[in-house]
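Listed below are the residues making up each chain.
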Amino acid sequence: MKEGHLPVLAEEVLAMLAPRSGSLQIDATLGGGGHTERILEAAKPDGRLLGLDADPAAINRVERRLRPRFGERLVLRQANFRELATVAPDAGFDAVDGCLFDLGLSSFQLADTDRGFGFRAGGPLDMRFDTSRGVPAAELLATLDAAELTALFRRYGEEPRANRIARAIVDARREAPVAGAEELAALVERVAPPNPRQPRRTHPATRVFQALRIAVNEELEALEAGLAAAVDLLRPGGRLVVLSYHSLEDRIVKRFFAAERRGCVCPPELPVCVCGRNPRLRLLTRKSVTPTPEEVATNPRSRSARLRAAERLAA
Ligand SMILES: C[S@@+](CC[C@H](N)C(=O)[O-])C[C@H]1O[C@@H](n2cnc3c(N)ncnc32)[C@H](O)[C@@H]1O
């Protein structure tokens, strides 16, 4: 596998953001800095970008890799994008031309054997983007009861065999806690093996890993807060671009865009609008944009990506 993280739908992201010299951009999910690098290149010679990541390792990596090339044009903050409403203005980015969210985790995190994000890399089940906050995934597996684990796997993983997997975890921890990624992957494979007549492209534990990661990082709550803050920060004509990788994320993005496009949130039975809200976004993508087969072949991680973009209307 190729080292590092290839930016997904990079040309499409650039076409939607259309960064120009002098513009201010936000990359809310810096990762390996692949999109950031392309945006700063396109915004030469003086466009500036604020890059955020909850994971300090991402900030350090991009600092080393891109600072020498972009100098003061690149502003980095270790922060969760749910705090965008305060972090961006504090960094001088209070009216911006573009904001990108490339959700989920990077190939660096997936390959990190100390963090338990991936069943192939293994390691202790932590899964936090920011290890100074919240509780590791192993703690959820050690403390939630079978009903709570079932609900978590259903809600955040849409896992059809959630109950069976949850009961197996509770049984297994009577002997010893389920604390490692390889151990959890093997347990799921044992109690919920793939149907041999329905070959799946993914490992049987994929949904359980997704569910735990979403839960420990409160990813869906962060996404709702981050999107709301981003629209507030955009100048009229500014662009919001979101790449999501599973249906739970995409549903939130789609609904958010639809509500901001509609404006009024009054119940339909009211004869006149009382909320007074105006539309704030114009959609740039009616349907989501997905990668070409060529991109998926060179970057399998892009397989499930969906891009949605919108433009801020004048107030
Ligand atoms: C898919 S990667 C981004 C890859 C990047 N676009 C690139 O081209 O290299 C997602 C990144 O977002 C970060 N992240 C996820 N949720 C976050 C949140 N709520 N706040 C800040 N960063 C977050 C992860 O730590 C990860 O580094």
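Up top you'll find the structure we're talking about.
Computed from a prediction, not measured in an experiment: that's the story for all the values here. (Residues numbered from 1 in each chain as written. Predicted model: local features only at pLDDT ≥ 70, side-chain atom pairs only at ≥ 80, totals over all residues. Heavy atoms only, no water.)

**Quick notes on the overall build of the protein**
- Helices and strands together make up the secondary structure of the protein, namely 13 helices and seven strands.
- Partitioning the intrachain contacts of the protein with sequence separation of at least 6 by distance along the chain shows that 69% fall at a separation of at least 24.
- If you sum the accessible surface of the protein, you get close to 15,400 Å²; carbon and sulfur atoms cover 51% of it.
- Between the averaged position of the 47 positive side-chain charges in the protein and that of its 42 negative side-chain charges there is a distance of 6 Å. (Helix = DSSP H or I, 4+ residues; strand = E, 2+ residues; numbered from the N terminus. Contact = heavy atoms within 4.5 Å. Areas by Shrake-Rupley, 256 points an atom, 1.4 Å probe, with all protein chains shown as cover. Lys, Arg positive; Asp, Glu negative; His and termini not counted. Charge placed at Lys NZ, Arg CZ, Asp CG, Glu CD.)

**As for helix 11 (residues 219-233)**
- Across its 15 residues, helix 11 extends 21 Å between first and last C-alpha, which sits within 8% of the 21 Å expected from 1.5 Å per residue.
- Turning to helix 11, its buried residues are Glu219, Leu220, Ala222, Leu223, Gly226, Leu227, Ala229, Ala230, Val231 and Leu233. (Expected span 1.5 Å × (residues − 1). Buried < 20%, exposed > 50% of the residue type's maximum accessible area, 1.4 Å probe, protein only.)

**So, the side chain of His5**
- Within the secondary structure, His5 is located in the segment before helix 1 (10-17).
- In this structure the side chain of His5 is engaged in a polar contact, spanning 2.9 Å, whose partner is the backbone nitrogen of Ser107.
- Beyond its immediate sequence surroundings of up to four residues, His5 is in contact with Asp102, Leu105, Ser106, Ser107, Phe108 and Arg301. (Polar contact = N/O pair within 3.5 Å; in protein donor to acceptor, adjacent residues only side chain to side chain.)

**Considerations on the packing of helix 9 (residues 181-191) against helix 10 (residues 206-217)**
- Helix 10 packs onto helix 9 with a crossing angle of 135° between their chain directions and a minimal axis gap of 9 Å. On the basis of the axis angle, helix 9 is oblique to helix 10. Contact residues: helix 9 offers Ala181, Leu184, Ala185 and Val188, while helix 10 offers Val208, Phe209 and Leu212.
- Residue composition of the contact of helix 9 with helix 10, by class: seven nonpolar, no polar and no charged. (Axes fitted to C-alpha atoms, helices over the stretch in contact; angles between N-to-C directions. Parallel < 35°, antiparallel > 145°, perpendicular 65-115°, else oblique. Nonpolar A, V, L, I, M, F, W, Y, C, P; charged D, E, K, R; others polar.)

**Brief notes about the sheet that holds strand 7 (residues 306-312)**
- Pairing in this open sheet of seven strands is mixed, and the strands run 3-2-1-4-5-7-6 from one edge to the other. Of all strands in the sheet, those bounded by a partner on one side alone are strand 3 (74-78) and strand 6 (281-283). The sheet shows a mean angle of 20° between the axes of neighbouring strands, direction not considered.
- Two elements, strand 1 (residues 24-27) and strand 4 (residues 96-102), share three bridges in a ladder whose sense is parallel. (Pairing = 2+ DSSP bridges.)

**Some words on the site of the ligand**
- If you check the shell around the ligand, you find 25 residues, and the closest are His35, Asp53, Phe81, Asp102 and Gln109.
- Interatomic distance of 2.8 Å between a side-chain N/O atom of Gln109 and an oxygen atom of the ligand.
- For the shell around the ligand, the per-class residue count stands at 10 nonpolar, 11 polar and four charged. (Near = heavy atom within 4 Å.)

**Things to note about the nonpolar core**
- Counting 73 residues, the largest nonpolar core has Leu84, Phe101, Phe153, Leu184, Leu212 and Leu240 as the members making the most contacts within it.
- Broken down by element, this core gets its largest block of residues, eight residues, from helix 11.
- Apart from the residues lying within four places of it in its own chain, the contact partners of Leu240 are Cys99, Phe101, Leu227, Ala230, Val231, Leu234, Phe256, Phe257, Arg308, Ala309 and Ala310.
- One finds Val8, Leu49, Val62 and Leu66 within the second-largest nonpolar core, a separate group that totals 23 residues. (Core = buried A, V, L, I, M, F, W, Y, C linked by side-chain atoms within 4.5 Å.)

**What about helix 8 (residues 162-172)?**
- Those residues of helix 8 that fall on the buried side of the exposure criterion are Ala162, Ile165, Ala166, Ala168, Ile169 and Val170.
- The inward-facing, buried residues of helix 8 contact helix 6 (137-143), helix 7 (146-157), helix 9 and helix 10.

**Focus: the pattern of salt bridges**
- Summed over all chains, the structure comprises 21 salt bridges.
- Glu37 is the partner of Arg69 in a salt bridge, and the nearest nitrogen-oxygen pair spans 3.1 Å. Here Arg69, found in helix 3 (residues 56-70), pairs with Glu37, found in helix 2 (residues 34-42); they are 32 residues apart in sequence, far enough to count as distant.
- For Arg69, a relative accessible area of 45% puts it in the partly exposed group.
- A relative accessible area of 19% means that Glu37 is categorised as buried.
- As a salt-bridge pair, Arg277 and Glu260 come within 3.6 Å of each other at their nearest N and O atoms. One end of the pair, Arg277, is in the loop between helix 12 (247-262) and strand 6; the other, Glu260, is in helix 12, and 17 residues separate them in sequence. (Salt bridge = Lys/Arg side-chain N within 4 Å of Asp/Glu carboxyl O.)

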